[in-house]
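Overview (structure and organization)
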Amino acid sequence: MVHQHSSRARLSPSSYEEDIALLLAPRLAYFAGVARHEHVTRAAQEMGVPQSTLSRAIVRLEEDLGVTLFARKGRTVSLTPAGRTFLTSVERALAEVERAAESVQADADPASGKVAFGFLHTMGSETVPGLIRAFRADHPRIRFTLVQNYGEAMIERLRAGDLDLCLTSPVPDAPDLVARRLDEQRLRLVVPDDHRLAGRKRIRLAEAADETFVTLEPGYGLRRITDDLCAEAGFTPRVAFEGEEAETLRGLVAAGLGVALLPPPAVARPGVVELTVTAPRAVREIGVAWLDGHPDTAPVAAFKRFLLSRRGHLLPD
(Lines give C-alpha, C1' and ligand atoms only; values in the text may rest on other atoms or scores of the structure.)
Protein backbone atom coordinates (compact mmCIF):
# COMPACT_ATOMS: atom_id res chain seq x y z
CA MET A 1 0.00 0.00 0.00
CA VAL A 2 1.25 3.47 -0.90
CA HIS A 3 0.60 6.17 1.67
CA GLN A 4 0.13 9.70 0.37
CA HIS A 5 1.37 12.53 2.54
CA SER A 6 -0.09 16.01 2.57
CA SER A 7 2.26 18.63 1.19
CA ARG A 8 0.59 21.33 3.23
CA ALA A 9 2.84 22.75 5.95
CA ARG A 10 2.01 21.96 9.55
CA LEU A 11 3.36 23.49 12.71
CA SER A 12 5.72 21.60 14.91
CA PRO A 13 7.65 22.50 18.04
CA SER A 14 10.69 23.12 15.85
CA SER A 15 8.94 25.57 13.51
CA TYR A 16 10.54 28.96 13.16
CA GLU A 17 8.54 32.00 14.19
CA GLU A 18 8.39 33.25 10.60
CA ASP A 19 6.96 29.88 9.50
CA ILE A 20 4.26 30.10 12.17
CA ALA A 21 3.37 33.65 11.10
CA LEU A 22 3.26 32.62 7.45
CA LEU A 23 0.77 29.86 8.20
CA LEU A 24 -1.41 31.63 10.71
CA ALA A 25 -1.55 35.27 9.62
CA PRO A 26 -3.97 34.91 6.68
CA ARG A 27 -6.45 33.02 8.86
CA LEU A 28 -6.50 35.17 11.98
CA ALA A 29 -9.07 37.67 10.72
CA TYR A 30 -11.31 34.77 9.63
CA PHE A 31 -11.01 33.25 13.09
CA ALA A 32 -11.85 36.55 14.82
CA GLY A 33 -14.87 37.07 12.54
CA VAL A 34 -16.31 33.64 13.25
CA ALA A 35 -15.65 34.08 16.98
CA ARG A 36 -17.42 37.44 16.95
CA HIS A 37 -20.58 36.11 15.26
CA GLU A 38 -20.46 32.52 16.58
CA HIS A 39 -21.95 31.65 13.22
CA VAL A 40 -20.06 30.72 10.05
CA THR A 41 -22.66 31.95 7.56
CA ARG A 42 -23.09 35.37 9.16
CA ALA A 43 -19.32 35.79 9.49
CA ALA A 44 -18.84 34.88 5.82
CA GLN A 45 -21.48 37.41 4.77
CA GLU A 46 -19.90 40.18 6.81
CA MET A 47 -16.41 39.50 5.46
CA GLY A 48 -17.56 38.99 1.90
CA VAL A 49 -16.04 35.52 1.45
CA PRO A 50 -17.66 32.22 0.50
CA GLN A 51 -18.81 30.19 3.48
CA SER A 52 -16.83 27.20 2.22
CA THR A 53 -13.62 29.27 2.13
CA LEU A 54 -14.20 30.43 5.67
CA SER A 55 -14.96 26.96 6.96
CA ARG A 56 -11.86 25.48 5.34
CA ALA A 57 -9.69 28.28 6.76
CA ILE A 58 -10.92 27.59 10.29
CA VAL A 59 -10.40 23.83 9.95
CA ARG A 60 -6.87 24.33 8.64
CA LEU A 61 -6.09 26.80 11.43
CA GLU A 62 -7.11 24.22 14.01
CA GLU A 63 -5.11 21.54 12.22
CA ASP A 64 -2.01 23.73 12.09
CA LEU A 65 -2.31 24.58 15.77
CA GLY A 66 -3.28 21.08 16.77
CA VAL A 67 -6.00 22.63 18.97
CA THR A 68 -9.80 22.71 18.70
CA LEU A 69 -10.87 26.35 18.79
CA PHE A 70 -14.63 25.96 18.23
CA ALA A 71 -17.34 23.61 19.44
CA ARG A 72 -19.72 23.09 16.51
CA LYS A 73 -23.49 22.71 16.41
CA GLY A 74 -24.46 22.90 12.74
CA ARG A 75 -23.46 26.31 11.48
CA THR A 76 -23.48 27.73 14.97
CA VAL A 77 -20.17 27.60 16.80
CA SER A 78 -18.87 28.57 20.21
CA LEU A 79 -15.35 29.10 21.41
CA THR A 80 -13.64 26.41 23.42
CA PRO A 81 -11.49 27.51 26.39
CA ALA A 82 -8.44 27.30 24.10
CA GLY A 83 -10.32 29.37 21.51
CA ARG A 84 -11.09 32.10 24.05
CA THR A 85 -7.44 32.28 25.08
CA PHE A 86 -6.35 32.44 21.45
CA LEU A 87 -8.94 35.10 20.60
CA THR A 88 -7.58 37.53 23.19
CA SER A 89 -4.14 37.54 21.59
CA VAL A 90 -5.52 37.51 18.05
CA GLU A 91 -7.63 40.60 18.70
CA ARG A 92 -4.61 42.43 20.12
CA ALA A 93 -2.52 41.41 17.11
CA LEU A 94 -5.14 42.49 14.58
CA ALA A 95 -5.65 45.80 16.36
CA GLU A 96 -1.91 46.44 16.26
CA VAL A 97 -1.80 45.67 12.54
CA GLU A 98 -4.70 48.07 11.97
CA ARG A 99 -2.95 50.81 13.96
CA ALA A 100 0.27 50.24 12.00
CA ALA A 101 -1.59 50.46 8.69
CA GLU A 102 -3.34 53.66 9.73
CA SER A 103 -0.02 55.14 10.88
CA VAL A 104 1.87 54.50 7.65
CA GLN A 105 -1.10 55.72 5.61
CA ALA A 106 -1.23 58.91 7.66
CA ASP A 107 2.52 59.45 7.29
CA ALA A 108 2.25 59.11 3.51
CA ASP A 109 -0.73 61.46 3.15
CA PRO A 110 0.21 64.19 0.64
CA ALA A 111 -1.35 66.97 2.70
CA SER A 112 -0.62 65.94 6.28
CA GLY A 113 2.07 63.25 6.12
CA LYS A 114 5.42 63.14 7.87
CA VAL A 115 9.05 63.75 6.93
CA ALA A 116 11.90 62.36 9.04
CA PHE A 117 14.61 64.99 8.56
CA GLY A 118 18.13 65.01 9.95
CA PHE A 119 20.56 67.93 10.07
CA LEU A 120 23.78 69.13 11.66
CA HIS A 121 23.70 70.71 15.12
CA THR A 122 25.06 73.96 13.69
CA MET A 123 22.01 74.29 11.44
CA GLY A 124 19.44 73.82 14.18
CA SER A 125 19.09 77.31 15.60
CA GLU A 126 18.44 79.27 12.41
CA THR A 127 18.79 77.46 9.08
CA VAL A 128 16.41 74.53 9.60
CA PRO A 129 13.65 76.50 11.35
CA GLY A 130 13.74 78.99 8.47
CA LEU A 131 13.57 76.23 5.87
CA ILE A 132 10.63 74.50 7.52
CA ARG A 133 8.76 77.78 7.95
CA ALA A 134 9.20 78.56 4.24
CA PHE A 135 8.16 75.04 3.21
CA ARG A 136 5.08 75.02 5.40
CA ALA A 137 3.82 78.21 3.79
CA ASP A 138 2.65 75.93 0.95
CA HIS A 139 2.34 72.70 2.97
CA PRO A 140 0.94 73.84 6.33
CA ARG A 141 -0.11 70.42 7.62
CA ILE A 142 2.96 68.33 6.82
CA ARG A 143 4.64 67.11 10.00
CA PHE A 144 8.33 66.64 10.75
CA THR A 145 10.39 64.34 12.91
CA LEU A 146 13.64 66.27 13.42
CA VAL A 147 16.95 64.65 14.29
CA GLN A 148 20.14 66.61 15.05
CA ASN A 149 23.41 64.72 14.81
CA TYR A 150 26.81 64.69 13.16
CA GLY A 151 27.17 63.61 9.55
CA GLU A 152 28.27 59.99 9.85
CA ALA A 153 25.61 59.22 12.44
CA MET A 154 22.89 60.66 10.20
CA ILE A 155 24.10 58.62 7.23
CA GLU A 156 23.79 55.48 9.33
CA ARG A 157 20.25 56.48 10.32
CA LEU A 158 19.42 57.01 6.66
CA ARG A 159 20.61 53.49 5.94
CA ALA A 160 18.63 52.13 8.89
CA GLY A 161 15.45 53.74 7.57
CA ASP A 162 15.12 56.18 10.47
CA LEU A 163 15.51 59.26 8.24
CA ASP A 164 14.12 60.21 4.86
CA LEU A 165 16.55 63.05 4.15
CA CYS A 166 19.45 64.75 5.88
CA LEU A 167 21.45 67.96 5.52
CA THR A 168 25.09 67.17 6.12
CA SER A 169 28.68 68.20 5.50
CA PRO A 170 30.87 67.14 3.80
CA VAL A 171 28.55 66.03 1.02
CA PRO A 172 28.73 62.20 1.17
CA ASP A 173 29.99 60.07 -1.71
CA ALA A 174 28.72 56.50 -1.33
CA PRO A 175 27.23 54.07 -3.86
CA ASP A 176 24.05 53.53 -1.86
CA LEU A 177 23.32 57.24 -1.43
CA VAL A 178 22.21 60.11 -3.62
CA ALA A 179 23.67 63.45 -2.51
CA ARG A 180 23.28 66.94 -3.93
CA ARG A 181 25.39 69.96 -3.05
CA LEU A 182 23.15 72.83 -1.97
CA ASP A 183 25.39 75.56 -0.61
CA GLU A 184 28.69 76.36 1.03
CA GLN A 185 29.40 78.04 4.33
CA ARG A 186 32.49 80.05 5.19
CA LEU A 187 34.43 79.01 8.27
CA ARG A 188 36.08 81.53 10.53
CA LEU A 189 38.96 81.33 12.94
CA VAL A 190 37.44 82.12 16.34
CA VAL A 191 39.83 83.56 18.95
CA PRO A 192 39.36 85.02 22.45
CA ASP A 193 38.71 88.77 22.47
CA ASP A 194 42.00 89.37 24.31
CA HIS A 195 44.03 87.19 21.93
CA ARG A 196 47.07 88.54 20.10
CA LEU A 197 45.16 88.19 16.80
CA ALA A 198 41.90 89.72 18.06
CA GLY A 199 42.63 93.09 16.43
CA ARG A 200 42.80 91.53 12.99
CA LYS A 201 39.92 91.09 10.52
CA ARG A 202 41.62 88.58 8.22
CA ILE A 203 44.21 85.90 8.73
CA ARG A 204 46.06 83.21 6.84
CA LEU A 205 45.49 79.95 8.67
CA ALA A 206 49.25 79.27 8.75
CA GLU A 207 49.54 82.17 11.22
CA ALA A 208 47.68 80.04 13.76
CA ALA A 209 50.05 77.07 13.46
CA ASP A 210 51.37 77.57 17.00
CA GLU A 211 47.95 77.98 18.58
CA THR A 212 46.08 75.45 20.69
CA PHE A 213 42.85 74.36 19.00
CA VAL A 214 39.51 73.24 20.35
CA THR A 215 37.63 71.04 17.88
CA LEU A 216 34.78 68.66 17.43
CA GLU A 217 35.46 64.98 18.07
CA PRO A 218 36.84 62.69 15.34
CA GLY A 219 34.00 61.46 13.14
CA TYR A 220 32.40 64.88 12.83
CA GLY A 221 32.52 66.41 9.37
CA LEU A 222 33.73 69.75 10.70
CA ARG A 223 36.62 68.02 12.48
CA ARG A 224 37.71 66.42 9.23
CA ILE A 225 37.50 69.77 7.44
CA THR A 226 39.54 71.43 10.22
CA ASP A 227 42.26 68.79 9.98
CA ASP A 228 42.32 69.04 6.17
CA LEU A 229 42.53 72.86 6.15
CA CYS A 230 45.32 72.88 8.71
CA ALA A 231 47.20 70.27 6.68
CA GLU A 232 46.78 72.45 3.59
CA ALA A 233 48.17 75.37 5.59
CA GLY A 234 51.21 73.27 6.46
CA PHE A 235 50.64 72.16 10.06
CA THR A 236 48.85 69.65 12.28
CA PRO A 237 46.63 71.36 14.86
CA ARG A 238 47.54 70.88 18.50
CA VAL A 239 44.17 69.92 19.99
CA ALA A 240 43.51 70.57 23.67
CA PHE A 241 39.75 69.97 23.85
CA GLU A 242 37.28 67.98 21.75
CA GLY A 243 33.53 68.52 21.94
CA GLU A 244 30.25 67.62 20.28
CA GLU A 245 28.69 71.00 19.62
CA ALA A 246 29.97 74.19 17.99
CA GLU A 247 28.61 76.63 20.56
CA THR A 248 30.35 74.70 23.34
CA LEU A 249 33.59 75.19 21.42
CA ARG A 250 32.90 78.94 21.24
CA GLY A 251 32.50 78.94 24.99
CA LEU A 252 35.87 77.23 25.39
CA VAL A 253 37.43 79.81 23.08
CA ALA A 254 35.84 82.65 25.10
CA ALA A 255 37.37 81.11 28.23
CA GLY A 256 40.82 81.39 26.64
CA LEU A 257 41.31 77.66 26.17
CA GLY A 258 42.16 77.74 22.47
CA VAL A 259 41.06 78.81 19.00
CA ALA A 260 38.62 77.08 16.64
CA LEU A 261 37.53 76.92 13.02
CA LEU A 262 33.74 77.31 13.08
CA PRO A 263 30.80 78.36 10.91
CA PRO A 264 29.18 81.71 11.75
CA PRO A 265 26.93 81.69 14.83
CA ALA A 266 23.24 82.46 14.66
CA VAL A 267 23.77 85.07 17.40
CA ALA A 268 27.08 86.79 18.09
CA ARG A 269 28.74 85.50 21.24
CA PRO A 270 30.57 87.89 23.57
CA GLY A 271 34.16 87.13 24.49
CA VAL A 272 35.30 86.00 21.04
CA VAL A 273 36.42 87.57 17.76
CA GLU A 274 35.76 85.83 14.45
CA LEU A 275 38.40 86.28 11.74
CA THR A 276 37.99 85.71 8.01
CA VAL A 277 40.44 83.07 6.79
CA THR A 278 41.99 84.19 3.50
CA ALA A 279 44.12 81.12 2.81
CA PRO A 280 43.43 78.32 2.30
CA ARG A 281 39.84 78.84 1.23
CA ALA A 282 37.98 77.88 4.40
CA VAL A 283 34.48 76.66 3.54
CA ARG A 284 32.36 73.62 4.11
CA GLU A 285 29.90 72.30 1.56
CA ILE A 286 26.35 71.59 2.72
CA GLY A 287 24.35 68.96 0.89
CA VAL A 288 21.20 66.88 1.12
CA ALA A 289 21.39 63.08 1.01
CA TRP A 290 18.94 60.22 0.72
CA LEU A 291 19.03 56.48 0.04
CA ASP A 292 19.40 55.57 -3.62
CA GLY A 293 16.37 53.73 -4.95
CA HIS A 294 14.33 54.43 -1.81
CA PRO A 295 10.73 55.31 -2.81
CA ASP A 296 9.50 58.64 -1.45
CA THR A 297 6.12 59.31 0.07
CA ALA A 298 4.40 62.41 -1.27
CA PRO A 299 5.46 64.61 1.71
CA VAL A 300 9.11 63.50 1.42
CA ALA A 301 9.11 64.12 -2.34
CA ALA A 302 7.67 67.60 -1.83
CA PHE A 303 10.24 68.55 0.81
CA LYS A 304 13.07 67.11 -1.31
CA ARG A 305 11.98 69.28 -4.25
CA PHE A 306 11.86 72.28 -1.94
CA LEU A 307 15.40 71.70 -0.65
CA LEU A 308 16.78 71.25 -4.15
CA SER A 309 15.08 74.49 -5.20
CA ARG A 310 17.12 76.29 -2.50
CA ARG A 311 20.44 75.41 -4.14
CA GLY A 312 22.78 78.37 -3.73
CA HIS A 313 20.64 80.13 -1.15
CA LEU A 314 20.03 77.47 1.47
CA LEU A 315 21.75 79.35 4.29
CA PRO A 316 20.67 82.65 5.87
CA ASP A 317 22.55 85.71 4.65
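Residues numbered from 1 in each chain as written. Predicted model: local features only at pLDDT ≥ 70, side-chain atom pairs only at ≥ 80, totals over all residues. Heavy atoms only, no water.

1. With respect to the pattern of salt bridges
- This structure, assessed with the given rule, holds 21 salt bridges.
- Residue Glu 285 pairs with Arg 181 through a salt bridge whose shortest N-O separation is 2.9 Å. With Glu 285 in strand E13 (residues 283-291) and Arg 181 in strand E6 (residues 177-186), this residue pair connects regions lying 104 residues apart in the sequence.
- With relative accessibility at 36%, the residue Glu 285 sits in the partly exposed group.
- Looking at Arg 181, the relative accessible area reads 37%, which means it is partly exposed.
- One salt-bridge network, in which partners are shared between bridges, spans Arg 181, Glu 184, Arg 281 and Glu 285. (Salt bridge = Lys/Arg side-chain N within 4 Å of Asp/Glu carboxyl O. Helix = DSSP H or I, 4+ residues; strand = E, 2+ residues; numbered from the N terminus. Buried < 20%, exposed > 50% of the residue type's maximum accessible area, 1.4 Å probe, protein only.)

2. Structural notes on the packing of aromatic side chains
- Summed over all chains, the structure comprises eleven aromatic pairs.
- Measuring from centroid to centroid gives 5.9 Å for Phe 117 and Phe 119, while their planes differ by 45°, and the two rings are tilted. One exposure class covers both Phe 117 and Phe 119, and it is buried.
- Each ring, one from Phe 135 and one from Phe 144, has its centre 5.9 Å from the other, and the planes form 85°; the classification is edge-to-face.
- By relative accessible area, which is 2% here, Phe 135 ends up buried. (Phe/Tyr/Trp six-rings, centres within 6.5 Å; stacked < 30°, edge-to-face > 60°.)

3. Let's talk about the sheet that holds strand E5 (residues 165-168)
- On the basis of which strands lie adjacent, the open sheet formed by five strands has the order E4-E3-E5-E13-E6 and mixed pairing. The two strands at the open ends of the sheet, each matched to only one other strand, are strand E4 (143-148) and E6. Across the sheet, the mean angle separating the axes of adjacent strands is 20° when strand polarity is ignored.
- Against the sheet, helix H5 (residues 127-136) makes contact with strand E3 (114-119), E4 and E5, and its axis sits at roughly 165° relative to E4, the strand it touches most.
- Running at roughly 165° to E5, helix H6 (residues 151-160) makes contact with E3, E4, E5, E6 and E13 of the sheet. (Pairing = 2+ DSSP bridges. Axes fitted to C-alpha atoms, helices over the stretch in contact; angles between N-to-C directions. Contact = heavy atoms within 4.5 Å.)

4. Let's talk about the confidence of the model for the chain
- This prediction gives the chain a mean pLDDT of 90; 92% of its residues lie at or above 70.
- Of the regions scoring below 50 in pLDDT, residues 1-17 engages in 15 contacts with residues more than four places distant in sequence or in other chains. (pLDDT = per-residue confidence, 0-100.)

5. A word on empty space enclosed by the protein
- This model, assessed by the stated rule, comprises two cavities of 30 Å³ or more.
- Residue lining of the largest cavity: 15 residues in total, with Leu 120, His 121, Leu 216, Tyr 220 and Arg 284 positioned closest to the centre.
- Split into classes, the residues belonging to the lining of the largest cavity amount to six nonpolar, six polar and three charged.
- By volume, the second largest cavity is sized at about 40 Å³.
- Lining the second largest cavity, in full, are Val 214, Thr 215, Leu 216, Leu 222, Arg 223, Thr 226, Leu 249, Leu 261 and Leu 262.
- Breaking the lining of the second largest cavity down by element, the ones donating at least two residues are strand E9 (212-216), helix H7 (221-232) and strand E11 (260-262). (1 Å grid on protein atoms, 1.4 Å probe; cavity = no way out; pocket = protein on both sides within 12 Å on 5 of 7 lines; lining within 4 Å. Points joined across faces, edges and corners; volume = space filled by probe spheres on them. Nonpolar A, V, L, I, M, F, W, Y, C, P; charged D, E, K, R; others polar.)

6. Quick look at the side chain of Thr 127
- Considering the arrangement of structural elements, one finds Thr 127 in helix H5.
- Once residues within four sequence positions are removed from consideration, Thr 127 is found in contact with Leu 314, Leu 315 and Pro 316.

7. Details of the environment of Gly 33
- Mapped onto the elements of the fold, Gly 33 is located in helix H1 (residues 17-37).
- Taking the relative accessible area as the measure of exposure, Gly 33 reaches 0% and is therefore buried.
- Placed 137 residues apart in sequence, Gly 33 and Pro 170 show a C-alpha to C-alpha distance of 55 Å.
- With residues up to four places along the chain from it excluded, the contact list for Gly 33 reads Ala 43 and Met 47.

8. Here we look at the packing of helix H2 (residues 40-47) against helix H3 (residues 51-65)
- At their nearest, the axes of H2 and H3 sit 9 Å apart, and the two run at 110° to each other. Compared by their axis directions, H2 and H3 come out roughly perpendicular. The two elements H2 and H3 meet at a crossing, and its hand is right-handed. Residues Val 40, Thr 41, Ala 43, Ala 44 and Met 47 of H2 lie in contact with H3, whose contacting residues are Gln 51, Leu 54 and Ser 55.
- Residue composition of the contact of H2 with H3, grouped by class: five nonpolar, three polar and no charged. (Parallel < 35°, antiparallel > 145°, perpendicular 65-115°, else oblique. Left-handed = near helix turned anticlockwise from the far one by under 90°.)

9. Brief notes about the layout of surface pockets
- The volume enclosed by the largest pocket comes to roughly 510 Å³.
- Along its surface, the largest pocket is lined by 29 residues, and Glu 126, Gln 185, Pro 263, Pro 264 and Pro 265 are the ones closest to its centre.
- By residue number, the principal contributor to the lining of the largest pocket is E6, which donates four residues.
- Class assignment of the residues belonging to the lining of the largest pocket gives a composition of eleven nonpolar, nine polar and nine charged.
- When its volume is computed, the second largest pocket comes out at roughly 230 Å³.
- Those elements that place two or more of their residues in the lining of the second largest pocket are H6 and H7.

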